[in-house]
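# A structural walkthrough
One letter stands for each residue in the lines below.
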Amino acid sequence: EELWVWSDGGLSVFAGDRFLGVPEGEGQPRGTVTSLTGSGGGVWVGTTTGVYYRWKGTWNGPMLAAALPNEGVEYLAVRPGGALAIASKRTVAFEHVNGVIERLAAGKELPGSRIQVVFGDKAGSVWIGTNGGLIRWSDGKVQRFPVNDGLATESILSVMEDKEGDLWVGTETGGLHILRDQRFHLMGARDGLSSDENDDCG
């Protein structure tokens with residue numbers, strides 16, 4: 001597997017023992033890179049001008065223009081089969097196989113006023129963390145946490161899945177949560193973390 005990173009200097013890929021800049025070529029991403037994710041040996045790149053895909057050394061893009069949020073791409077999450085969830089700070093868009101585009105907006109279908117993380121898990125669900133809570137989008141349905149659950153209103157900063165399929169959720173002030181067997185467990189200072197606050201678990 002390759003490790004891709006982006007910085008002010010552009011895209012780079014880790015080759016053996018060092019990072020190499022990706023040479024410019026036809027279809028290379030234009031604009032400022034905002035997000036990067038891999039899928040099936042290829043890499044998806046979100047920029048201020050659209051979404052690009054690199055497969056076997058060839059760039060394709062910009063693409064998925066109809067699905068792009070009007071405010072620009074901030075986050076990408078790959079779903080099974082290579083389908084994407086594309087998000088800005090306020091809107092997340094899902095392009096279905098039949099070409100239908102579904103959109104969810106912060107302050108409407110999503111809690112809070114700002115999207116802060118989008119993550120696709122192995123089961124095909126997309127987790128959307130905002131400054132006002134965490135929701136799961138699965139099979140076209142939005143699933144929320146009960147109002148008495150801290151993740152229903154907490155500011156969500158990061159979401160990751162481990163090899164066992166457990167979901168780790170980092171919050172701004174509520175500690176680190178683990179979703180295991182469909183239940184969230186809070187981890188904080190009493191479990192050995194330095195505090196109940198978390199900057200990022202990615």
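Below is a short write-up of the structure. (Residues numbered from 1 in each chain as written. Predicted model: local features only at pLDDT ≥ 70, side-chain atom pairs only at ≥ 80, totals over all residues. Heavy atoms only, no water.)

## So, the packing of aromatic side chains
Keep this limit in mind: Pairing of aromatic side chains requires ring centres within 6.5 Å, counting the rings of Phe and Tyr and the six-membered ring of Trp. Pairs whose planes differ by under 30 degrees are stacked, by over 60 edge-to-face, and all others tilted. Only DSSP runs of H or I reaching four residues or more are called helices, and only runs of E reaching two or more are called strands; each is numbered from the N terminus. Only protein chains enter the accessibility calculation, which uses a 1.4 Å probe; a residue is then buried when its area is under 20% of its type maximum, exposed when over 50%, and partly exposed in between.
Tallied over the full model, the rule gives 3 aromatic pairs. Centre to centre, the rings of Phe 94 and Trp 137 are 3.8 Å apart; their planes meet at 5°, and the pair counts as stacked. Within this pair, whereas Phe 94 is found in strand 10 (residues 91-95), its partner Trp 137 is found in strand 14 (residues 133-138), the two being separated by 43 residues in sequence. There is no split in this pair, since Phe 94 and Trp 137 are both buried.

## A look at the pairing of strand 5 (residues 42-47)
Counted only if it meets this: The pairing criterion for strands is at least two bridges between them, as found by DSSP.
Most of strand 5 is tucked away, with 6 of its 6 residues classed as buried. Every second residue of strand 5 is oriented toward a common face, with Gly 42, Trp 44 and Gly 46 on one face and Val 43, Val 45 and Thr 47 on the other, all of them buried. Where strand 4 (residues 33-39) meets strand 5, 6 bridges bridge the pair, whose relative direction is antiparallel. Pairing of Leu 36 across the sheet is with Val 45, part of strand 5.

## Points about the sheet that holds strand 4
The cut-off we apply is this: For helices, the fitted line uses only the C-alpha atoms of the stretch in contact; every axis is such a line through C-alpha atoms, and the angle between N-to-C directions lies from 0 to 180 degrees.
The 4 strands lie next to each other as 4-5-6-7, forming an open sheet whose pairing is antiparallel. Of all strands in the sheet, those bounded by a partner on one side alone are strand 4 and strand 7 (58-63). Pairwise comparison of adjacent strand axes, ignoring direction, gives a mean angle of 20° for this sheet.

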